[in-house]
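Fold and contact review
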Amino acid sequence: MIVVVERLSHSYGPRNALKEISFEVSKGEIFGILGPNGGGKSTLFRILSTLMPPRAGKASIAGFSVLEQPREVRRHIGVVFQTQSLDRRLTVHENLDSQGRLFGLSGNVLQIRIQDAMERLGLADRQNDIVATLSGGLKRRVEIAKALLHEPDVLLMDEPSTGLDPAVRRELWRYLDDLRRTRQVTILLTTHILEEADLCDRLLLLHEGRVVAEGTPQQLKSRVGGDIVILDVPDPEEMHQRLKETFAVLPQSVNGRLRIEVPDGAFFLNQVLSSFPNKVESIEMHRPTLEDVFLNETGVKLEG
Amino acid sequence: MFWLPVFTLWRRELIRFWREKSRVFGFVGSPLIFWLLIGSGFGDLAFFFPGALILTVMFSAVFSTMSLIEDRREGFILSMLVSPAPRVAVVLGKTLGSATLAWLQGLLFLLFLPLTGLRPGTGDLVAATVFLFVISFAFTSMGFLLAWRTDSTQGFHAIMNLVLFPLWLVSGAVFPAHTAHCWIHWLMAVNPLTYAVSALRILLGASRSEGMPDLGFSIVITAAMAALLLAAAASSVRERNARSFA
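Because the structure is a prediction, the values reported are computed rather than measured.

**Examining a nonpolar patch on the surface**
Residues and elements named next belong to chain B. A cluster of nonpolar side chains, contributed by Trp-183, Leu-187 and Val-190, occupies part of the molecular surface with about 350 Å² of accessible area. Here Trp-183 is to be found in helix α9 (residues 182-190). Look at Trp-183 and you get exposed, because its relative accessible area is 57%.

**Describing the pattern of salt bridges**
Taken as a whole and judged by the stated rule, the model has 36 salt bridges over all chains. Taking the shortest distance from any N to any O, the salt bridge between Arg-12 of chain B and Asp-87 of chain A comes out at 2.5 Å. In this pair, Arg-12 of chain B is assigned in helix α1 (residues 3-18) and Asp-87 of chain A in the loop between β6 (77-80) and α3 (92-102), connecting two distinct chains. We classify Asp-87 of chain A as buried; its relative accessible area is 0%. With a shortest N-O distance of 3.7 Å, Arg-113 of chain A and Glu-151 of chain A are connected by a salt bridge. You can see Arg-113 of chain A sitting in helix α4 (residues 107-120) and its partner Glu-151 of chain A sitting in the loop between α5 (136-148) and β7 (154-158), a full 38 residues away along the chain. Assessed through its relative accessible area of 22%, Arg-113 of chain A is described here as partly exposed. Through salt bridges that share partners, Asp-87 and Arg-89 of chain A together with Arg-12, Glu-13, Arg-16, Glu-70, Asp-71 and Lys-94 of chain B make up one connected network.

**Remarks on the sheet that holds strand β11 (residues 227-232) of chain A**
All names here are of chain A. Read from one edge to the other, the open sheet built from 4 strands follows the order β12-β13-β11-β14, with strand pairing classed as antiparallel. Looking at which strands have only one partner, the edges of the open sheet turn out to be β12 (252-254) and β14 (282-286). The sheet shows a mean angle of 25° between the axes of neighbouring strands, taken without regard to direction. Pairing of β12 with strand β13 (residues 257-262), which is carried by 3 bridges, proceeds in the antiparallel orientation. Bridged to Gln-252 within β13 is Arg-259. Its contacts with the sheet place helix α10 (residues 265-275) against β11, β13 and β14, and it is angled at close to 25° to β11.

**Considering the interface of chain A and chain B**
Chain A puts 36 residues into the contact, and the matching count from chain B is 29 residues. The contact between chain A and chain B buries some 2,900 Å² in all, and 57% of this surface belongs to carbon and sulfur atoms. Of all residues in chain A, Leu-51, Arg-89 and Leu-102 of chain A bury the most surface against chain B, accounting for 26% of the area lost on that side. Across the salt bridge formed by Glu-74 of chain B and Arg-88 of chain A, the nearest N and O atoms sit 3.8 Å from each other. At the boundary of chain A and chain B, one finds 10 residue pairs in polar contact (both at pLDDT 80 or more). Looking at the side of chain A that touches chain B element by element, the count peaks at 7 residues for α3 of chain A.

**Some details on helix α8 (residues 217-224) of chain A**
Residue and element names in this part refer to chain A. Among all positions of α8, only Pro-217, Leu-220, Lys-221 and Val-224 are buried. Seen end-on, α8 carries its buried residues on one side only, within an arc spanning 95°. Residues of α8 that are exposed and point over 90 degrees away from its buried face: Gln-218 and Ser-222. As for α8, its buried residues are in contact with α7 (194-198), β9 (202-207), β10 (210-215), β11, β13 and α11 (290-298). Two residues or fewer past α8, Gly-225 is found with a positive phi of approximately 70°.

What counts, and where the lines are drawn
- Residues numbered from 1 in each chain as written.
- Chains lettered and ligands numbered in written order.
- Predicted model: local features only at pLDDT ≥ 70, side-chain atom pairs only at ≥ 80, totals over all residues.
- Heavy atoms only, no water.
- Patch = residues over 30% accessible without salt bridge, like charges linked within 9 Å, V, L, I, M, F, W, Y side chains within 5 Å.
- Areas by Shrake-Rupley, 256 points an atom, 1.4 Å probe, with all protein chains shown as cover.
- Salt bridge = Lys/Arg side-chain N within 4 Å of Asp/Glu carboxyl O.
- Helix = DSSP H or I, 4+ residues; strand = E, 2+ residues; numbered from the N terminus.
- Buried < 20%, exposed > 50% of the residue type's maximum accessible area, 1.4 Å probe, protein only.
- Pairing = 2+ DSSP bridges.
- Axes fitted to C-alpha atoms, helices over the stretch in contact; angles between N-to-C directions.
- Contact = heavy atoms within 4.5 Å.
- Buried area = accessible area lost by both parts, 1.4 Å probe.
- Polar contact = N/O pair within 3.5 Å; in protein donor to acceptor, adjacent residues only side chain to side chain.
- Arc of directions from axis to C-beta.

Here's what the structure looks like:
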């Protein structure tokens, strides 16, 4: 296990940000921490990247404790922050060069690594551009190149796709997948984007500082079981009652709509429509998504 | 693993500064005007020269450390903090970089020395430039200490106007100690900047006045201040307080 977190807790004054979080990540895995903003992801990220010591519990990366051996941990992790961490006034090459030297690299080794990282991320023809003039996608690529220069075992990424357009996002994921396969780099990322979470090997669902579920996206979705049916009705309260009585289901009210989990969506909809003609304004049905998993476990929506 | 990050951060400050050269004119320009106006007003350009030189270094040292606030806002500081470079190396690299910039601007100001009629010997002149670096370093460490705790550049300006400028006024830069009121006299004695001005005044061969501390003592006080401020800056970074990091 390359990342081991045991009963990690943190609080800001009286507010508990993390409550006894435990999980493990194995080498070469892409591990996602999914949760809404304010759910404790950033706190966890800061602790793992050694920016902040935890109040209680243990966390280790590559066998080193983030609390007691932060410098050793820093040698083994590459960190990609959500906020930019580049020097906007320097060129791409100068940024990478500075970063390499902060990690003790110099001379030919450093120059070869810089060239290699720039080629992998398609930055070679941009090396003399001032960072401030680059687009958001390019900047993110420089951030990643920077985090990989010292060949870390674990790449920590805070919301890597936020602010990137879908094409750039896909490209980023192709690269992450390649990195994990060819170099056995373990990737630990936080996200609140469902499409991104779906691409992870394994997920940890975090809500109000607690782990609410853990598993592969498939495992998590199968916990919901069946289909999700969503109804728009003129009188949700009345319909809620009548659905309960007629079909022995337990509808949830989400943003004024009724959400029902049923084993067979098509069959259920048929029955609803024939039992309550003219009472339903619109219907929606889908296979369980991670959003449904989250909603099931916490009662709140992940996104907005 | 210690000097490489120090050198890297030092070089970074220099590259950044080189990309916005207009800053130089502001920091050298205003003390220059000060000096010419006050000096000419009193008919003594030589007396005000050391003080104006210190003002140049003070302005540019303290303002270069404002880049730390920028680094934090732009997130660059995060890359420094998650690197295995020792915290002390990070502080030293930044302060050395800013101190070098302040020092270079001080040297630029020193080019106006011939206008004062002061003719220090070569040895004294070299000593003065070395001493000027110590002063730059002390100011930069102080600036670092302030910038590390300040989130806005406005707060920084307020401190500059409320603390540093008055400190400079009662350092013997503008008026000598012996003509001052009794309480000002005491203020001057406990003001560390008094010793910096005094040492520079002696090294540059400006006229000595009564009650001025002697050279050796002044240099010791200034160097001690620089060391103390650097230690304070380094220890403030060592408190692993990530409160203000997004």
